[in-house]
Number of protein chains: 2
Amino acid sequence: MLQRPPAEPGMREEEVDTPALILDLDAFEANLDAMAAFLAPTGTKLRAHAKTHKSPVVALQQMRRGAVGQCVQKVAEAEILAWGGVPDILVSNEVVSPRKLARLAALSTISKVALCADDAAGVALIEQAAEAAGRRMTVLVEIDVGAGRCGVPPGPEAVALAQRIAGSPHLVFGGLQAYHGRAQHIRSPEGRAEAIGSAVEQTRRTVEQLRQQGLDCAIVGGAGTGTFRHEATSGVFTEIQAGSYAFMDADYAANEDAPPFRHALFLLSQVMSTPKPALAVLDAGHKAAPTDSGFPRVWQRPGLRYAGASDEHGNLVVEGGQRPDLGEKLRLVPAHCDPTIDRYDWFVGVRNGRVECLWPIAARGAMA
Amino acid sequence: MLQRPPAEPGMREEEVDTPALILDLDAFEANLDAMAAFLAPTGTKLRAHAKTHKSPVVALQQMRRGAVGQCVQKVAEAEILAWGGVPDILVSNEVVSPRKLARLAALSTISKVALCADDAAGVALIEQAAEAAGRRMTVLVEIDVGAGRCGVPPGPEAVALAQRIAGSPHLVFGGLQAYHGRAQHIRSPEGRAEAIGSAVEQTRRTVEQLRQQGLDCAIVGGAGTGTFRHEATSGVFTEIQAGSYAFMDADYAANEDAPPFRHALFLLSQVMSTPKPALAVLDAGHKAAPTDSGFPRVWQRPGLRYAGASDEHGNLVVEGGQRPDLGEKLRLVPAHCDPTIDRYDWFVGVRNGRVECLWPIAARGAMA
């Protein structure tokens, strides 16, 4: 359900109710500009991933800086973006539910919509939905270039599935989805370069085999914030699907040669108890800061470590620094921006220490 | 933001859009009845914890079966419960934000409201808020009986803080909050009994020392689903604060001599990809099923194990069982019900295989 915003425009950051999701607007805008500047000379386009930001407001800012559209993982996310004015959306994921496919076909009357497939049976379901809706739907083939999740193997199996799509009366073959999720979080630059080098070669070979069959790829999409520099300069990928770059988080910052973006996303949390000399308890536990990628980091307060979370409490251990006072508010850097943003209804946009805007996270919880 | 319900009343469960939070209404009602039946002869009351269910609908069903009120952890949860018709609410937690204390004082005009303190400075902040609102507020002293989180030590420090509360013109001393969170998840019955035995003795001694100072405890509250049988029969605790008992989850089911409740809460998830003979990919990742207490379990499908989660995908490995088909929908048992429920906007209430009701999870995301 919709929760009230934790702040009012004009308020000082330290007055914001906690826990709150703070967006440093200067850093956020610098990150959007930096990605646009990097991609411009490569000719590779940005189709930013809305699974991270969950907000048409952010999507439209990315598109004003040259993004050709948005990626989503869920039909419900696609609906909220399209209804929010996003004209070009790729569901970078398989959809096999007839109810969801019918919703996507209906959505294609107001926005350009494409989705992925990795199974002939899935292609048949999409064809049925398109025929029932009297629409033509664009379908990309997802290939597994190392993530070991969804996708058909690159090469002949991908070509066969593309031919099945192209041969379906109500479907258009749209290209390849080739995202190597695991590679984003390989710590060493060499490791990431090697993983993506292999993904690029598998994708290049598949694109050529498709071309030999007369099937051109309008989109060859993939990449994330950890590896986009490789895909963007590969000469094979046409679109980059990074999402975290706009915000950054502790996990991406831990990559050696971390991506060239600033921390723009913070959790504002308050010290609610100081029961021991070396312990301060924060009002942000794992409901406020999901722990799938570890605990959040304390921002610019050396000697303080977020060392444990329960549902609504975070244990801050004092390791040499000064224990914060009861009631003090601290910024935390989320370990993983995607699930963290998806916990909140509002971005509290802050500039020069004051709340400038409250952006609704309209696709928060849009899972179906 | 509010997401549309994933189902329509009358629909068969297998038609529900996924991922969805399914509530088995027969099991849920049996759990509420079982707790009421257990507590009746003990004379100990239930003040169920709404941090688990996040819903006035569930709260009112618990109260119809004898619960004296509800616990919450957050002021925003208290507001949503009070506005939903819950007449008696304990914030079983410290609140030190003047803005939040002002909201709580205002709320006390429509519901009976109490909160906890573990610091003299915190008591002073509550007194200021009560005075500013022209209200009298009830404050419990939280004591640390082994959880190692918030709370003052039992004994003299607790008595001193209670005297400070009782001596504040706009405050009423309400009793003790003595919750041993860690003990809920000790696997062995002996270990839980030992931990709670110690908590009970520390609480009993503190209650007696307070009485010697002329301070009676209207409420001595604590306990969770893992240990409530001990506190309820202790002769010391007056109120039990269990929440998970209504739903159960994989973590509580893993306790030896598990609590006597049925699994009532399930995640319905769909197989969206079957890329390998021994792998099925579900449409429920860690955004749908938080992993703070591990991965969800597959319900009544031997040989299938939920073995890995990314943001929107769950990897189901086939270990001897039959791989489910593309598009098949499976029930998962959440590892931890509290953060899982807090990810969803709707309980999809199911009875005899059909959707009977859609209950709004109105306090979903109510963190401030």
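Residues numbered from 1 in each chain as written. Chains lettered and ligands numbered in written order. Predicted model: local features only at pLDDT ≥ 70, side-chain atom pairs only at ≥ 80, totals over all residues. Heavy atoms only, no water.

Asks: Would you mind going over the overall build of chain A with me for this structure?
Replies: In terms of regular secondary structure, chain A is built from eleven helices and 17 strands. For 368 residues, the compact-globule estimate of 2.2 N^0.38 gives 21 Å, and chain A sits close to it at 22 Å. Across its three principal axes, chain A shows a C-alpha extent of roughly 70 × 45 × 35 Å. Per-residue burial for chain A yields a buried fraction of 63% across its 368 residues. Sequence separation of 24 or more characterises 68% of the internal contacts of chain A that already satisfy a separation of 6 or more. Of the accessible surface of chain A, which amounts to about 12300 Å², a share of 52% is contributed by carbon and sulfur atoms. Distance from the positive charge centre (37 side chains) to the negative charge centre (42 side chains) of chain A: 2 Å. (Helix = DSSP H or I, 4+ residues; strand = E, 2+ residues; numbered from the N terminus. Rg over C-alpha atoms; globule rule 2.2 N^0.38 Å. Buried < 20%, exposed > 50% of the residue type's maximum accessible area, 1.4 Å probe, protein only. Contact = heavy atoms within 4.5 Å. Areas by Shrake-Rupley, 256 points an atom, 1.4 Å probe, with all protein chains shown as cover. Lys, Arg positive; Asp, Glu negative; His and termini not counted. Charge placed at Lys NZ, Arg CZ, Asp CG, Glu CD.)

Asks: Which parts of the structure should I look at to understand the sheet that holds strand E9 (residues 239–240) of chain B?
Replies: By way of backbone hydrogen bonds, the strands of a sheet pair with one another, either parallel or antiparallel. Residues and elements named next belong to chain B. The parallel closed barrel is built from eight strands, whose spatial order is E2-E3-E4-E5-E6-E7-E8-E9. Pairing of strand E6 (residues 137–142) with strand E7 (residues 171–177) involves six bridges; the strand directions are parallel. Each residue of the ladder has a partner; that of Met137, found in E7, is Leu171. In the packing of helix H8 (residues 189–212) onto the sheet, contacts are made with E7 and strand E8 (219–222), and the angle to E7 comes to roughly 155°. (Pairing = 2+ DSSP bridges. Axes fitted to C-alpha atoms, helices over the stretch in contact; angles between N-to-C directions.)

Asks: Before we go on, may I ask you to explain the pattern of salt bridges in this structure?
Replies: When their charged atoms lie close together, side chains carrying opposite charge are able to pair. Inspection of the entire model under this criterion finds 60 salt bridges over all chains. Arg364 of chain B serves as the salt-bridge partner of Asp345 of chain B, at 3.6 Å between the closest nitrogen and oxygen. With Asp345 of chain B in the loop between helix H11 (337–341) and strand E16 (346–351) and Arg364 of chain B in the segment after strand E17 (354–360), this residue pair connects regions lying 19 residues apart in the sequence. Comparing Asp345 of chain B with Arg364 of chain B shows no difference in burial state: the two are buried. Salt bridges sharing common partners tie together Arg4 and Asp17 of chain A together with Glu79, Arg99 and Arg103 of chain B. (Salt bridge = Lys/Arg side-chain N within 4 Å of Asp/Glu carboxyl O.)

Asks: Just checking my understanding: could you explain the packing of aromatic side chains for this structure?
Replies: The geometry of two aromatic rings is summed up by the distance between their centres and the angle between their planes. All names here are of chain A. Tallied over the entire structure, the rule returns 16 aromatic pairs over all chains. Look at Phe295 and Tyr306: their rings are 5.6 Å apart centre to centre, the planes differ by 45°, and that puts the pair in the tilted class. Placement of Phe295 in the loop between strand E11 (279–282) and strand E12 (297–298) and of Tyr306 in strand E13 (residues 304–309) is noted, with a sequence separation of eleven residues between them. Connected via pairs of aromatic rings, a cluster forms that spans Phe28, Phe247, Phe347 and Trp359. We note Arg331 situated over the ring of Phe266; from NZ or CZ to the ring centre the distance is 4.3 Å. (Phe/Tyr/Trp six-rings, centres within 6.5 Å; stacked < 30°, edge-to-face > 60°. Lys NZ or Arg CZ within 6 Å of the ring centre and 35° of its normal.)

Asks: How should the relation of the copies chain A and chain B be read in this particular structure?
Replies: Superposing the two chain copies requires a rotation about an axis and a translation along that axis. Each copy of the sequence occupies a distinct position, and chain A is placed on chain B by a rotation of 180° and an axial shift of 0.0 Å, giving an RMSD of 0.0 Å. Seen this way, the second copy is the image of the first under a two-fold rotation axis. The overlap is high: 100% of the interface residues of chain A also sit at the interface in chain B, so the same surface is used on both sides. (Least-squares fit on C-alpha atoms with pLDDT ≥ 70 in both.)

Asks: When you look at helix H3 (residues 56–64) of chain A in this model, what are you seeing that I'm missing?
Replies: Since one α-helical turn is 3.6 residues long, residues separated by three or four positions face the same way. All names here are of chain A. For H3, the full list of buried residues reads Pro56, Val58, Ala59, Gln61, Gln62 and Met63. Structurally, the start of H3 carries an N-cap: the backbone nitrogen of Val57 is 3.1 Å from a side-chain oxygen of Ser55. Gly66 occupies a position one or two residues after H3 and carries a positive phi of about 110°. (Polar contact = N/O pair within 3.5 Å; in protein donor to acceptor, adjacent residues only side chain to side chain.)

Asks: Quick question: what am I supposed to make of the sheet that holds strand E5 (residues 112–117) of chain A here?
Replies: Residue and element names in this part refer to chain A. Read around the closed barrel, the eight strands follow the order E2-E3-E4-E5-E6-E7-E8-E9; overall the barrel is parallel. Note that E5 and strand E6 (residues 137–142) share four bridges and pair parallel. Pairing of Ala114 across the sheet is with Thr138, part of E6.

Asks: For this particular structure, what's the right way to read the UniProt feature "domain: D-serine dehydratase-like" (unreviewed entry) in chain A?
Replies: The sites that carry the UniProt feature "domain: D-serine dehydratase-like" (unreviewed entry) are, in the present numbering, residues 264–351 of chain A. Each end of residues 264–351 of chain A is marked by a C-alpha atom, and these two atoms are 11 Å apart; helix forms 6% of the span and strand 45%. (UniProt positions renumbered as here; feature names shortened; annotations may be inferred.)

Asks: Before we go on, may I ask you to explain unusual backbone geometry in this structure?
Replies: With the exception of glycine, the majority of residues adopt a negative phi angle, and the majority of peptide bonds are in the trans configuration. All names here are of chain A. Following Thr18, the chain continues to Pro19 via a peptide bond in cis, the omega torsion being -5°. As for its placement among the helices and strands, Pro19 is situated in the segment before strand E1 (20–24). Although it is not a glycine, Ala223 adopts a positive phi angle of roughly 80°. Summarising the element assignment, Ala223 is placed in the loop between strand E8 (219–222) and helix H9 (228–232). Judged by relative accessible area, Ala223 falls into the buried class, the value being 0%.

Asks: What is the right way to read the interface of chain A and chain B from this model?
Replies: When the parts of a complex come together, some accessible area is lost, and that lost area is often used as the size of the interface. Contacts between chain A and chain B engage 72 residues on the former and 72 residues on the latter. Roughly 5600 Å² of surface becomes buried between chain A and chain B when both sides are summed, with 49% attributable to carbon and sulfur atoms. Run the count over chain A and chain B and you get 18 salt bridges. In this structure, Lys51 of chain A and Asp311 of chain B form a salt bridge, with 2.5 Å as the shortest nitrogen-oxygen distance. (Buried area = accessible area lost by both parts, 1.4 Å probe.)

Asks: Got a minute to help me understand the domain arrangement of chain A in this structure?
Replies: Residues and elements named next belong to chain A. Domain annotation of chain A identifies domain 1 (13–21 + 261–360) and domain 2 (43–247). Just the C-alpha atoms count here: the centres of domain 1 and domain 2 sit 34 Å apart. At the interface, twelve residues of domain 1 touch 14 residues of domain 2. Carbon and sulfur atoms supply 64% of the area that domain 1 and domain 2 bury against each other, a total of about 1100 Å² over both sides. The largest per-residue losses of area from domain 1 upon contact with domain 2 belong to Phe261, Asp338 and Trp359, which jointly make up 45% of the total buried on that side. At the surface where domain 1 touches domain 2, the tally comes to two salt bridges. Across the pair Asp338 and Lys51 runs a salt bridge, and its minimum N-O distance is 2.7 Å. Seen at the junction of domain 1 and domain 2, the total is six residue pairs in polar contact (both at pLDDT 80 or more). With three residues, the single largest contributor to the side of domain 1 that touches domain 2 is helix H11 (residues 337–341). Its residues assigned to classes, the side of domain 1 that touches domain 2 shows eight nonpolar, one polar and three charged. (Domains from an automatic or database assignment. Nonpolar A, V, L, I, M, F, W, Y, C, P; charged D, E, K, R; others polar.)

Asks: Help me out: how do you make sense of the packing of helix H4 (residues 75–83) of chain B against helix H5 (residues 98–107) of chain B in this one?
Replies: A packed helix pair is summarised by two numbers, namely the angle formed by the two axes and the spacing between the axes. Residues and elements named next belong to chain B. Contact geometry for H4 and H5: axes closest at 10 Å, N-to-C directions at 20°. By the angle class used here, H4 and H5 are roughly parallel. The chirality of how H4 crosses H5 is left-handed. Facing Val75, Ala76, Ala78, Glu79, Ala82 and Trp83 of H4, the residues of H5 in contact are Lys100, Arg103, Leu104 and Leu107. Residues of the contact of H4 with H5, tallied by class, amount to seven nonpolar, no polar and three charged. (Parallel < 35°, antiparallel > 145°, perpendicular 65-115°, else oblique. Left-handed = near helix turned anticlockwise from the far one by under 90°.)

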